[in-house]
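Structure at a glance
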Amino acid sequence: MEQITYKLEVFEGPLDLLLSLIAKNKIDMSDIPISLLCDQYMDYITKAEELDMELSSDFLYMASELMLIKSRMLLPRNNEEEEDPREALAAALLEYQRAKQASGILRERFNEYGARMAKETDEITPDKSYVADHKSELLYKAFMKVMNEVKVTDTEAKKKFEPILKKRTVSVVSIVENLARRLRGGRKVSLGSFFRSAEDRLELVSMFLAMLELLKSGHLILEESAKEDENGVIDATSDVAVSLDPGADIAELTKIVDHN
């Protein structure tokens, strides 16, 4: 018949074994039943010896300590304020429990960060090849000096912008409406007379843009009133006239120009 072998759990030390027994029995660390704990501890030592497990001397030393505490607990106490024989053991177990919990956290951190390498910060020297090293106070003084020398007031600034703001505006829509009125009833207007009616350059630009938009939409018709000269050139200012398409409408023309 084949011999049955048993395997006991391996512990790192006697305190590790005691914590396992405390967790298994759900023992309160502040009131340890030393008799129960001592019996289970000795039972583990006996089984380990039967299985020829090598235990360190720490396990045997802890067994003697548990036996001593158990015997002291059996003795009557003369004074209630006398030290509890289990107090030192409980303190050692609590300290070991905290260390074990901390080791678990550190093990997780090591598994996550252990293979990483941190590069030290490189010292980058400032490049002063093109920028002079000035203090902020000197820059502020230079700025205030310029401001005092210039002394540009709000009134002077407004005077410089008033000519631009007061300049009249000529819309392309108004040019189209004016041209459409001149071309009513099939009348024609030469390009020369049309552009010469401009009062200034601003109005001339608006008239040119209006002419381009109307020609692009097909509502304005160009007609040559003279033949080419001997060089094959036509004088657009005098020999070319414009007229409206018969179906054109002033409101429709202004909408086209205003949309564009």
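Our structure's up above, just so we're on the same page.
If you're wondering where the values come from, they're calculated on a predicted model, not measured in any experiment.

What follows is about the side chain of E203. Mapped onto the elements of the fold, E203 is located in helix α9 (residues 201-217). In this structure E203 comes out as buried when scored by relative accessible area, which is 14%. Every residue in contact with E203, bar those within four places of it in the chain, is listed here: R168, V170, I175, S197 and A198.

So, about the packing of aromatic side chains. Under the definition given, this model contains one aromatic pair. An angle of 70° between the planes, with centres 5.5 Å apart, marks the rings of F11 and Y44 as edge-to-face. Remark: Y44 occurs in helix α2 (residues 34-50) and F11 occurs in the segment before α1 (14-25); sequence separation between them is 33 residues. The exposure class assigned to Y44 is buried, which follows from its relative accessible area of 9%.

Glancing now at the sheet that holds strand β3 (residues 240-244). In spatial order, the strands read β1-β3-β2; together these three strands make up an open sheet with antiparallel pairing. The open sheet has two free edges, formed respectively by β1 (189-190) and β2 (220-224), since each of these has just one partner strand. With two bridges connecting them, β1 and β3 associate as antiparallel partners. Opposite S190, over in β3, you have A241 as the bridge partner.

This part is about the pattern of salt bridges. Two side chains with opposite charge may pair up if their charged atoms get near one another. Inspection of every chain in the model, using the stated rule, returns six salt bridges. Across the salt bridge formed by R86 and D31, the nearest N and O atoms sit 2.9 Å from each other. In this pair, R86 sits in the loop between α3 (57-74) and α4 (87-113) while D31 sits in the loop between α1 and α2, placing the two residues 55 residues apart along the sequence. Classification of R86 as buried rests on a relative accessible area of 13%. Taking relative accessible area as the criterion, D31 reaches 47% and is therefore assigned partly exposed. Residue R98 pairs with E95 through a salt bridge whose shortest N-O separation is 2.7 Å. Of this pair, R98 and E95 are both found in helix α4, three residues apart, which corresponds to roughly one turn of the helix. Residue classification places E95 among the partly exposed residues on the basis of a relative accessible area of 48%. Residues participating in the shared-partner salt-bridge network are D31, D84 and R86.

Basis of the calculations
- Residues numbered from 1 in each chain as written.
- Predicted model: local features only at pLDDT ≥ 70, side-chain atom pairs only at ≥ 80, totals over all residues.
- Heavy atoms only, no water.
- Helix = DSSP H or I, 4+ residues; strand = E, 2+ residues; numbered from the N terminus.
- Buried < 20%, exposed > 50% of the residue type's maximum accessible area, 1.4 Å probe, protein only.
- Contact = heavy atoms within 4.5 Å.
- Phe/Tyr/Trp six-rings, centres within 6.5 Å; stacked < 30°, edge-to-face > 60°.
- Pairing = 2+ DSSP bridges.
- Salt bridge = Lys/Arg side-chain N within 4 Å of Asp/Glu carboxyl O.

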